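In case you want the letters, here they are:
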Amino acid sequence: MDSSIRQRNTSKGELQDLLSPDDANGSTGSRKSRSSSKSSNSSKKSRSSSDSSSRSATKMKFTGKRRMSSRAPAALIFKLLLLLVALCLIPVMYGIYTFHKRSQVVTPLNAPRIIQEGSSFPHIAPERYWGTYRPGVYFGLKTRRPHSPVAGLMWFTQHVKQRPLPIRHTCEQSDRLDRYGWLKHDAINFGIQEIVEKDFILKTQFVKRPGGDNGGDWSARINGKTRGNKPISVSLLFYFALDGEGEIEPVIKQNFLDGVKGHTRGLGHFTMSFPMVKNATSNHFLVSYAPSLANLKDIVMHRLRSYPVNKTVNMLGLAGLDSLSINKSPNQRPNFIVKQVTVKFPFQMEVLFESGTVSRDIPQLMGREFYQAVRAYSKEYDETFESLFGLKKAGYKDNETAIAKATLSNMLGGIGYFHGQSLVMSKYNSEPVAYWEAPLMTGVPSRSFFPRGFLWDEGFHNLLFSRWDPQLSMEIIGHWLDLMNCEGWIPREQILGAEARMKVPQEFVVQRNTNANPPAFFLPLQYLMGQEYFRADPRFRTYMAAIFPRVEAWYQWFNVSQAGPEPGTYQWKGRDALTNVELNPKTLTSGLDDYPRASHPSDIERHVDLRCWMTLASKVIADIADLIGEDSKEYRATYEMLSDNRLLDSLHWSDRGHMYSDYGNHAPRVVLERAPSPPPPKPRPGQRLQPPPKQPLLRVVKTKGGPSERFVDAFGYIGLFPFLVHILEPSSPKLEQILIDIRDPQLIWTDFGLRSLSKSDPVYMKHNTEHDPPYWRGAIWINMNYLAVRALHHYSTLAGPYQAQAGEIYAELRKNLISNILSQYSKTGYIWENYNDKTGKGQGAHPFTGWSGLVVLLMAEEY
């Protein structure tokens, strides 16, 4: 680009040279020639006319002077007009510029898409068309098509006094279930889930059968059994709903809903049927219209009616045909049909979805056919799991292996297919604007608390996905990279569609294009690139060639937007430099939200973790370039520079703290103190004054002299990053220091894993605001511990003075992590977001089979 600009400027200069001196001289010569000719002719005239000629010449001279003087104001007027035009054009040009800048944030990258439009449709990938792609509900299915119809389950216990009625539908921590999650799920063919309520257990299963042109058939089965002798009556509500186009209608026989039939563009003609349920005590149904998938539960709540069971007992049942809502709908047709079956325990309910393009010469997928299909897929799942992870061979007990299978399955069963538009902003936008409509297939950190895509979480998820199903992992990575705009930015939190948005607080909906998230996708890409059998596969090289332009653009966006104050330094943007209510302003973009950074955010900050992420990215991009025949010199040189231990030490090693640190405007000792209350007014006689309002907690600097430019010596995960991503040389004394500090119980070592922040740090386990408890200030996080175990394993295999030391700590840390995670699952029924550093108890969101699911790789020693 620069060379072409230079060429155009040079050509313009040459053109100006040709027009200026040479042509100007030529025109002067021709005027002299014409003047000489006139002089020669006039000499042939008589002398008697000389006086007249003289007067005429004099008159011509004066006339010429008047003409010259009249041209002067004309030139001035012309210049003023030019200036006026320029002044008028400035706001126009500025408007065009700002419009361009405003539109950049919602302009897709000019590069071929990785996941081609229609590639998820049934004629291309029929085996993945239907799936449990609704991670935010306890049990639900949909297709991989924009605005797909959905099927799902709700349930509630009859005769309870609690109001509002506790209908189960979306996964909620407030439901306080003893346990729920997939026990087996292969991400393609089948799944088995167990949901444990206080008084009963539900088992939900689904299985698919390929065939036809629209993704084949599937069936679901719901079994129930009690946990005691208490008689219980439960209503199951299985529904089918449209999200836009298509038509459905109920199949009603003798006032019973026997099934649903319909037609959509993606499914063609289909039927859903509800075979008779043993131990059913009553049947009800609802045929209605839902303006949004986010309203399904609310509509059910408002359409329940009380029906008498006997003279003293009533029950709740659906109202039947909801004509009022249907008549108000855009096309006066229903789009939401619910089958309610109220049962006694034990029971079994089946639901059959049958595509109109599948041959009906085969038995229906119910009863024994269903059982045999699930059993066959379950056996295949067990064999594949053992061949990949070898836990039985490694000596794990059956119950421990079952926990690992459930962890992987809940991760796979938590993969969602979303479609919609993010809300984004740049500094040029006065208000949020809509991103382009796009699909996204992604895992989610937590089905209950975070049932949507998070950028850096997904990098860790795919460390496990890439082992189980590399094709699935590459597709997920492709989906994320296709969300890149023309700047090379990817919104870090993806809230696509009504079901995803209904679970997100408003302040987290809008994504800003200055804000990054760790480029953790380079971790699974590094793993995939390290497998020789992938590198030898032409299809893999084609995939890597397809993602390369987008990975390059992402990398360049980081280098430009997150650049630090000096060459080779980086800085997470988005910290609040004006707040006085946070103990240490958060760095949400880093992923380590409230981990202590420089106490007073400024442009001089250098963040060591981001520098290490960019070191990893440089190496992986260079390796991809070599694989596909692109020039890797620039990336390889950047990697060599960023991995230079001496340069790293000069920028980030704190001699005072004996650790790798951030650098910035920092005061080590800050506290939150309540602002003093204003003096109360003098009371009038007989007046009783109200107590003064509670004043907010404000940050107070206790460091003598206030903040100063210095290293931020807060030992914890951030100080480990040069070690975590294998930058340190195996002979480095800094490696020895890190190994010593890792194993120190007064710093980050515990019997349950590495805590996020040293016990000796002033911010350890401190609230960041009055209502913002500590998050990354002491808790044990499994993604960082996985990287630590991986790094210890790495250095234990490299010859060097600290090889044996790394091996000893590796074995001990790995054992502590696995033991505590499995123990907590056995006690609580959940994998947790993080773990308490004093007790090992699980805490935070649950189930959290996002990156905490990496315990499976720890057990298998897969790094």
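Coordinates for the structure precede this section.
Residues numbered from 1 in each chain as written. Predicted model: local features only at pLDDT ≥ 70, side-chain atom pairs only at ≥ 80, totals over all residues. Heavy atoms only, no water.

Digging into the overall build of the protein
Step number 1: Scanning the protein from terminus to terminus reveals 20 helices and 34 strands.
Step number 2: Each of the three principal axes of the protein carries a C-alpha extent, and together these read 145 × 90 × 70 Å.
Step number 3: Here the protein holds 863 residues, and 52% of them are scored as buried.
Step number 4: Pairs at least 24 residues apart make up 70% of the contacts formed inside the protein by residues separated by at least 6 positions.
Step number 5: When the accessible surface of the protein is summed, it comes to about 40,600 Å², and 54% of that surface belongs to carbon and sulfur atoms.
Step number 6: Of the side-chain charges in the protein, 105 are positive and 83 negative, and the distance between the mean point of each set is 9 Å. (Helix = DSSP H or I, 4+ residues; strand = E, 2+ residues; numbered from the N terminus. Buried < 20%, exposed > 50% of the residue type's maximum accessible area, 1.4 Å probe, protein only. Contact = heavy atoms within 4.5 Å. Areas by Shrake-Rupley, 256 points an atom, 1.4 Å probe, with all protein chains shown as cover. Lys, Arg positive; Asp, Glu negative; His and termini not counted. Charge placed at Lys NZ, Arg CZ, Asp CG, Glu CD.)

Notes on the packing of helix α17 (residues 733-742) against helix α19 (residues 803-828)
Step number 1: Axis separation between α17 and α19 bottoms out at 11 Å; the angle between their running directions is 30°. Here α17 is positioned roughly parallel relative to α19, judged by the angle of their axes. At the point where α17 passes α19, the crossing takes the left-handed sense. Seen from α17, the contacting residues are E736, L739, I740 and I742; seen from α19, they are Q805, A806 and I809.
Step number 2: Broken down by class, the residue content of the contact of α17 with α19 amounts to five nonpolar, one polar and one charged. (Axes fitted to C-alpha atoms, helices over the stretch in contact; angles between N-to-C directions. Parallel < 35°, antiparallel > 145°, perpendicular 65-115°, else oblique. Left-handed = near helix turned anticlockwise from the far one by under 90°. Nonpolar A, V, L, I, M, F, W, Y, C, P; charged D, E, K, R; others polar.)

A word on the sheet that holds strand β5 (residues 190-196)
Step number 1: Reading across the sheet, the eight strands line up as β4-β5-β6-β7-β17-β11-β10-β9 and stay open at both edges, with antiparallel pairing between neighbours. A strand with exactly one partner marks an edge of an open sheet, and here the two such strands are β4 (179-185) and β9 (247-253). Pairwise comparison of adjacent strand axes, ignoring direction, gives a mean angle of 15° for this sheet.
Step number 2: Inspection of the sheet shows strand β10 (residues 256-264) paired to strand β11 (residues 268-273) by six bridges, in the antiparallel sense. Directly across from V260, in β11, lies its bridge partner M272. (Pairing = 2+ DSSP bridges.)

Considerations on the nonpolar core
Step number 1: Residues F238, M272, F389, F460 and F723 are the most contacted members of the largest nonpolar core, which totals 211 residues.
Step number 2: At 13 residues, the largest contribution of residues to this core is made by helix α13 (residues 608-628).
Step number 3: Of all hydrophobic cores here, the second largest spans 18 residues; its members include V150, L237, Y239 and V300. (Core = buried A, V, L, I, M, F, W, Y, C linked by side-chain atoms within 4.5 Å.)

Overview of the side chain of D741
Step number 1: Relative to the helices and strands, D741 is located in helix α17.
Step number 2: Setting aside residues no more than four positions away along its own chain, D741 makes contact with H658, F715, L747 and I748.

With respect to the packing of aromatic side chains
Step number 1: Scanning the model with the defined rule gives 49 aromatic pairs in all.
Step number 2: Ring geometry for F449 and F450: centres 4.9 Å apart, planes at 85°, overall edge-to-face.
Step number 3: A residue is classified by how much of its surface remains accessible, and F449, at 45% relative accessible area, is partly exposed.
Step number 4: Judged by relative accessible area, which is 16%, F450 ranks as buried.
Step number 5: Their ring planes at 50° and their centres at 4.5 Å tell us that Y533 and F534 sit as a pair that is tilted.
Step number 6: You can call Y533 exposed: its relative accessible area is 54%.
Step number 7: Classification of F534 by relative accessible area gives buried; the value is 11%.
Step number 8: An aromatic cluster is present here, built from W456, F460, Y717, Y775, W776, W781, F848 and W851 joined pairwise through their rings. (Phe/Tyr/Trp six-rings, centres within 6.5 Å; stacked < 30°, edge-to-face > 60°.)

With respect to the sheet that holds strand β24 (residues 510-512)
Within a sheet, adjacent strands bond to each other through the backbone by hydrogen bonds, running parallel or antiparallel.
Step number 1: One open sheet holds the three strands; their spatial order is β20-β19-β24, and the pairing between them is mixed. Because the sheet does not close on itself, it has two edges, and the strands there are β20 (433-434) and β24.
Step number 2: Direction of pairing for strand β19 (residues 423-425) relative to β24: parallel, over a ladder of three bridges. Within β24, the position partnered with V424 by the bridge is Q511.

Re the pairing of strand β14 (residues 314-318)
Step number 1: Looking at chain direction, strand β13 (residues 304-308) and β14 are connected through five bridges and run antiparallel. Following the sheet pairing, Y307 is matched in β14 by M315.
Step number 2: The hairpin turn running from β13 into β14, its antiparallel successor, is five residues long.

Quick look at a nonpolar patch on the surface
Step number 1: On the surface, a nonpolar cluster with roughly 500 Å² of combined accessible area is contributed by L76, L80, L83, L87 and I90.
Step number 2: A relative accessible area of 52% places L76 in the exposed class. (Patch = residues over 30% accessible without salt bridge, like charges linked within 9 Å, V, L, I, M, F, W, Y side chains within 5 Å. Salt bridge = Lys/Arg side-chain N within 4 Å of Asp/Glu carboxyl O.)

Regarding the pairing of β5
Step number 1: Taken across its seven residues, β5 has seven buried, putting it largely inside the fold.
Step number 2: Residues of β5 alternate between two faces, with F190, I192, E194 and V196 on one and G191, Q193 and I195 on the opposite face, all of them buried.
Step number 3: Relative to β5, β4 runs antiparallel, the two sharing six bridges. Each residue of the ladder has a partner; that of H185, found in β5, is G191.
Step number 4: If you look at the hairpin formed by β4 and β5, you'll find four residues sitting between the two strands, and A187 has a positive phi there, around 70°.
Step number 5: Here β5 runs beside strand β6 (residues 200-209); their pairing, made up of seven bridges, is antiparallel.

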